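# Structure at a glance
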Amino acid sequence: MKIIADSAIPFLQGVLEPWAEVRYLPGSEIAPEEVRDADALLIRTRTRCDERLLGGSRVRLIATATIGFDHIDTAWCAAHGIRVCTAAGCNARGVLQWAGAVLAHLARTQGWQPAGRTLGVVGVGHVGSLVKEYAETWGFRVLCCDPPREAREHCGFLPLEEVARQADILTFHTPLDDTTRRMAGDALFARMKPGAVILNSSRGEVVDGAALLRSGLACVLDVWEHEPAIDRRLLARTLLATPHIAGYSEQGKANATAMSVDTLARFFGLPLAGWYPPQAAPSTPRPISWQELCTTIGGAFDIEAQSRSLKARPEDFEPMRDHYRYRREYF
């Protein structure tokens, strides 16, 4: 059996080799000639999986060590008998930590307390649910928008336009698909309060960058249209900017690799079900007060230093991402 794996997936080397030939490549360099005789791919977002890459190959399984799958042509894969599995939920607490760091920074620099702010959460899945839960305990008034969940569950979520109208801070945690691509654009921004802040740690294309520039609204961005290229004008406008590392916790990365290995193990009958990287300690979720968050988050995740680095060297977006020192989850 032959497996092609993204060389930036951590904790993976040596795990599959007893049962398979594994070839490690940078995600952007995984090419048709490499995958032609491969049985499975282990990838991240930098590998576009479509007919161009997979046509004529013997690939039967794609495991992406990411929560999203917009880099995979799932319809083409389904039509050609290729199973696609994600690591949904793997890094939810890492993104929660990013959101907590942003909120603590904004409160300190803008001079407010959570009880005086309305937080709008767009997308209430693995990440958004955690952001909602913790933000409510911190004292924020939280309004949520998730049309698919509302249609299924009738849980009282509001339309996007209404959440945007009331929100002081609007944070996006949606997948990228035809319904969410550029869902935040001119029309939405025109409804928002002049002093509102946009947060995006989902996918860059969820927010129309040009429209965000036109709006004059403040923003904090972890993801960008056309990554790894960044619109320098938008970068200059951000209150904080990070290079798509919101979910880059040690535990989030370990979870993603473990879920991908488990997928391979179950699909090919390998004795690796339940494997977890011995180098990483699983997280121990716990409540954390607003006061403790503000006191401790800087030591766990210096988001201001990360932002300064990206603003000083935006051309290093990809190296910063690939060589990021994973932070530990502590709540």
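Everything here concerns the structure above.
Since we're looking at a predicted model, the values are computed, not measured.

From N to C terminus, the protein chain includes 14 helices and 11 strands. Computed over C-alpha atoms, the radius of gyration of the protein chain comes to 20 Å, within 12% of the 20 Å expected from 2.2 N^0.38 for 331 residues, which places it in the range of a compact globule. Each of the three principal axes of the protein chain carries a C-alpha extent, and together these read 60 × 45 × 40 Å. Looking at the protein chain residue by residue over its 331 residues, the buried ones come to 56%. Of the roughly 14,100 Å² that the protein chain leaves accessible, carbon and sulfur atoms contribute 51%. With 37 positive and 39 negative side-chain charges, the protein chain shows a separation of 3 Å between the mean positions of the two kinds.

What follows deals with unusual backbone geometry. Between glutamate 227 and the following residue, proline 228, the backbone shows a cis peptide bond with an omega angle of 5°. Tracing the backbone through its elements, the reader meets proline 228 in the loop between strand E10 (218-221) and helix H10 (232-237). For phenylalanine 11, which is not glycine, the phi dihedral falls at a positive 70°. Looking at where phenylalanine 11 falls in the secondary structure, it is placed in the loop between strand E1 (2-6) and strand E2 (21-25). Its identity as a non-glycine residue notwithstanding, histidine 226 has a phi of 65°, on the positive side.

This next bit is on helix H13 (residues 303-312). Within H13, the full set of buried residues consists of Ile303, Gln306, Ser307 and Leu310. Take H13 and look down its axis: the buried residues cluster within an arc of 100°, on one side only. Set apart from the buried face of H13 by more than 90 degrees, the exposed residues are Arg308 and Ala312. Looking at the buried residues of H13, the elements they touch are helix H4 (92-110), H10, strand E11 (240-241) and helix H14 (317-322).

Pairing is parallel in the open sheet, where six strands are placed in the order E7-E6-E8-E9-E10-E11. Sheet topology places strand E7 (141-145) and E11 at the edges, where each strand pairs with a single neighbour. With four bridges joining them, strand E6 (residues 118-122) and strand E8 (residues 169-172) adopt parallel strand pairing. From the neighbouring strand, valine 121 faces E8, where its bridge partner is threonine 171. Its contacts with the sheet place H4 against E6, E8, strand E9 (197-200), E10 and E11, and it is angled at close to 160° to E9.

What follows deals with the side chain of threonine 47. The residue threonine 47 is located in the loop between strand E3 (40-43) and helix H2 (51-54) in this model. Only 2.8 Å separates the side chain of threonine 47 from the backbone oxygen of glycine 27, close enough to count as a polar contact. The contacts of threonine 47, once residues within four sequence positions are left out, are Gly27, Ile30, Leu53 and His71.

Another point: the packing of aromatic side chains. The description of an aromatic ring pair uses the distance of the two centres, along with the angle that the planes make with each other. By the definition in use, this model includes nine aromatic pairs. Measuring from centroid to centroid gives 4.8 Å for phenylalanine 267 and phenylalanine 268, while their planes differ by 75°, and the two rings are edge-to-face. Phenylalanine 268 gets classed as buried once you look at its relative accessible area, which sits at 18%. Feature note: the residues Trp112, Tyr134, Trp138, Phe140, Trp290, Tyr330 and Phe331 constitute an aromatic cluster, connected by ring pairs.

On to the packing of H4 against helix H12 (residues 290-300). Where H4 meets H12, the axes come as close as 9 Å, and the angle between the chain directions of the two elements is 110°. Accordingly, the angle class assigned to the pair H4 and H12 is roughly perpendicular. Residue-level inspection shows Gln97, Gly100, Ala101, Leu103, Ala104 and Ala107 of H4 in contact with H12, the latter providing Trp290, Leu293, Cys294, Ile297 and Ala300. When grouped by side-chain class, the residues that make up the contact of H4 with H12 number nine nonpolar, two polar and no charged.

The next thing to look at is the environment of leucine 170. Its location among the elements puts leucine 170 in strand E8. The exposure class assigned to leucine 170 is buried, which follows from its relative accessible area of 0%. A C-alpha to C-alpha distance of 9.4 Å links leucine 170 and leucine 143, two positions 27 residues apart in sequence. Once residues lying within four places of it in the same chain are set aside, the contact partners of leucine 170 are Gly120, Val122, Val163, Ala164, Leu188, Met192, Val197, Ile198 and Leu199.

As a further point, take the side chain of threonine 180. Within the secondary structure layout, threonine 180 lies in the loop between E8 and helix H8 (186-190). Reaching out from threonine 180, the side chain makes a polar contact with the backbone oxygen of proline 175 at a distance of 2.7 Å.

With that settled, the discussion passes to the pairing of E7. Burial of E7 is extensive: four of the five residues sit out of reach of the surface. What joins E6 to E7 is helix H5 (residues 126-138), and the crossover it makes is right-handed.

Conventions and cut-offs
Residues numbered from 1 in each chain as written. Predicted model: local features only at pLDDT ≥ 70, side-chain atom pairs only at ≥ 80, totals over all residues. Heavy atoms only, no water. Helix = DSSP H or I, 4+ residues; strand = E, 2+ residues; numbered from the N terminus. Rg over C-alpha atoms; globule rule 2.2 N^0.38 Å. Buried < 20%, exposed > 50% of the residue type's maximum accessible area, 1.4 Å probe, protein only. Areas by Shrake-Rupley, 256 points an atom, 1.4 Å probe, with all protein chains shown as cover. Lys, Arg positive; Asp, Glu negative; His and termini not counted. Charge placed at Lys NZ, Arg CZ, Asp CG, Glu CD. Arc of directions from axis to C-beta. Contact = heavy atoms within 4.5 Å. Pairing = 2+ DSSP bridges. Axes fitted to C-alpha atoms, helices over the stretch in contact; angles between N-to-C directions. Polar contact = N/O pair within 3.5 Å; in protein donor to acceptor, adjacent residues only side chain to side chain. Phe/Tyr/Trp six-rings, centres within 6.5 Å; stacked < 30°, edge-to-face > 60°. Parallel < 35°, antiparallel > 145°, perpendicular 65-115°, else oblique. Nonpolar A, V, L, I, M, F, W, Y, C, P; charged D, E, K, R; others polar. Right-handed = clockwise from strand over helix to strand, strands pointing away.

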